[in-house]
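A structural walkthrough
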Amino acid sequence: MDLPKCRLFLVAPSSGDGTVAAACLDAAVRAGDVASLLLRPVAPGVAGRMAEALLSRAQGLGVAVLVENDTRIAARLKADGVEVARGRPAEDIALARQALPHGAILGAHAGTSRHAAMEFADAGADYVVLEGRESDGEPRAAWWSGVATSPAVAEGFAAAYAG
């Protein structure tokens with residue numbers, strides 16, 4: 001069986017020491033193939049200084065930057081796209097797709113739901129986030145790679161922030 005190409009998907013904390021976060025980003029880029037960095041706003045409509053600093057640094061390193069749940073912040077920061085958080089309906093994916101400029105990345109967090117992942121892809125998501133493992137121990141994202149052409153993010157396997 002040919003395994004799909006795997007890349008790193010980083011998640012930045014919503015607050016903390018920007019210098020430490022930038023050093024972590026630099027180390028991750030040196031260590032592996034980093035595809036994306038997800039920024040979580042500190043509050044609805046508020047990006048935070050650390051997020052703004054990480055965005056320009058990440059984009060300068062060739063890493064796509066996504067903002068969680070807020071198309072307005074993504075547009076203001078000139079981020080590469082948005083990820084719609086877990087628990088949101090497929091209609092939110094369609095609305096986010098309409099609000100984003102052409103070519104922007106749209107991700108959707110499906111939790112452990114295969115059904116939600118399929119609905120999100122149908123609604124226009126470019127990738128889905130799937131948590132956990134199947135009953136045979138395979139990551140749920142491995143199932144996705146067998147049934148879909150769009151990428152999946154396997155959440156919950158290795159995440160650390162030393163800030």
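Look up a bit, the structure's there.
Quick summary incoming for the structure in this document. Source: prediction; values computed, not measured.

Counting its secondary structure elements, the protein contains six helices and seven strands. Computed over C-alpha atoms, the radius of gyration of the protein comes to 15 Å, within 12% of the 15 Å expected from 2.2 N^0.38 for 163 residues, which places it in the range of a compact globule. Counting every position in the protein, which comprises 163 residues, the buried fraction comes to 38%. Restricting the contact set of the protein to residue pairs at least 6 apart, pairs at least 24 apart contribute 56%. Mean positive and mean negative side-chain charge positions of the protein (15 and 19 charges, respectively) differ by 6 Å.

Here the focus is the sheet that holds strand β2 (residues 34–39). In spatial order, the strands read β1-β2-β3-β4-β5-β6-β7; together these seven strands make up an open sheet with parallel pairing. Each end of this open sheet is capped by a strand with a single partner; those strands are β1 (8–11) and β7 (152–155). Sheet twist, expressed as the average angle between the axes of neighbouring strands with direction ignored, equals 25°. Pairing between β1 and β2: four bridges, direction parallel. Paired with L8 across the strands is V34, a residue of β2. Sitting on the sheet, helix α2 (residues 49–60) touches β2 and β3 (64–68), and the angle it makes with β2 is about 165°. Strand contacts of helix α6 (residues 140–147): β6 (127–131) and β7, with the helix running at about 145° to β6, the strand carrying the most contacts.

Before going further, it helps to examine the pattern of salt bridges. Across all of its chains, the model carries 10 salt bridges by this definition. The partner of E52 in a salt bridge is R76, with the nearest N and O atoms 3.4 Å apart. Pair noted here: E52 is in helix α2 and R76 is in helix α3 (residues 71–77), with a separation of 24 residues, a long-range link. Owing to a relative accessible area of 35%, E52 belongs among the partly exposed residues under this scheme. Owing to a relative accessible area of 47%, R76 belongs among the partly exposed residues under this scheme. With a shortest N-O distance of 3.1 Å, E134 and R114 are connected by a salt bridge. Taken together, the residues span a long stretch of sequence, with E134 in the loop between β6 and α6 and R114 in helix α5 (residues 114–122) at a distance of 20 residues. For R114, a relative accessible area of 36% gives the class partly exposed. Among the charged side chains, a salt-bridge network with shared partners connects R114, E134 and R140.

Among the residues of α5, A116, A117 and F120 are the ones counted as buried. Summarising the axial view, the buried residues of α5 lie within an arc of 105°, below the 170-degree limit, and thus occupy one face. Away from the buried face of α5 by more than 90 degrees, exposed residues H115 and D122 are located. Summarising the contacts, the buried residues of α5 are in contact with α4 (90–99), β5 (105–109), β6 and α6. At the N-terminal boundary of α5, the capping side chain belongs to S113, with an oxygen 3.4 Å from the backbone nitrogen of H115.

With that settled, consider the side chain of E83. Here E83 shows up in strand β4 (residues 81–84). Buried and unpaired, E83 has no salt bridge, with R40 as the nearest side chain of opposite charge at 5.6 Å. Residues contacting E83, with those up to four places away along its chain left out, are F9, L38, V67, E68, N69, G107, A108, H109, Y127 and V129.

Thresholds applied
- Just so you know, the residues in each chain are numbered from 1, in the order the chain's sequence is written.
- In view of the model being predicted, local features appear only for residues whose pLDDT reaches at least 70, and side-chain atom pairs are presented and counted only at 80 or more, with totals across whole chains, interfaces and linings using the full set of residues.
- Hydrogens and water are ignored here; the side-chain numbers use all heavy atoms of the structure.
- The secondary structure listing takes helices from DSSP runs of H or I that are at least 4 residues long and strands from runs of E that are at least 2 residues long, numbered from the N terminus.
- Restricting the calculation to C-alpha atoms gives the radius of gyration, and the globule rule supplies 2.2 Å times the number of residues raised to the power 0.38.
- Accessibility here uses a 1.4 Å probe with only protein chains present; expressed as a share of the type maximum, an area under 20% marks a residue as buried, one over 50% as exposed, and anything in between as partly exposed.
- The contact definition used throughout considers only heavy atoms, calling two residues in contact when any of these lie within 4.5 Å.
- Positive residues here are Lys and Arg, negative ones are Asp and Glu, while His and the chain termini are left out of the count.
- In plain terms, the charge of a residue is placed at NZ if it is Lys, CZ if Arg, CG if Asp and CD if Glu.
- Paired strands, as defined in this entry, are two strands with at least two bridges between them according to DSSP.
- To define axes, lines are fitted to C-alpha atoms, for helices over the stretch in contact only, and angles between the resulting N-to-C directions are given on a 0 to 180 degree scale.
- Take a side-chain nitrogen of Lys or Arg and a carboxyl oxygen of Asp or Glu: if they are within 4 Å of each other, that pair is a salt bridge.
- By construction, the arc corresponds to the directions joining the helix axis to the C-beta atoms.
- Any pair of N or O atoms that falls within 3.5 Å is considered a polar contact. Within protein, one atom must be able to donate a hydrogen and the other to accept it, and sequence-neighbouring residues count only if both atoms are side-chain atoms.

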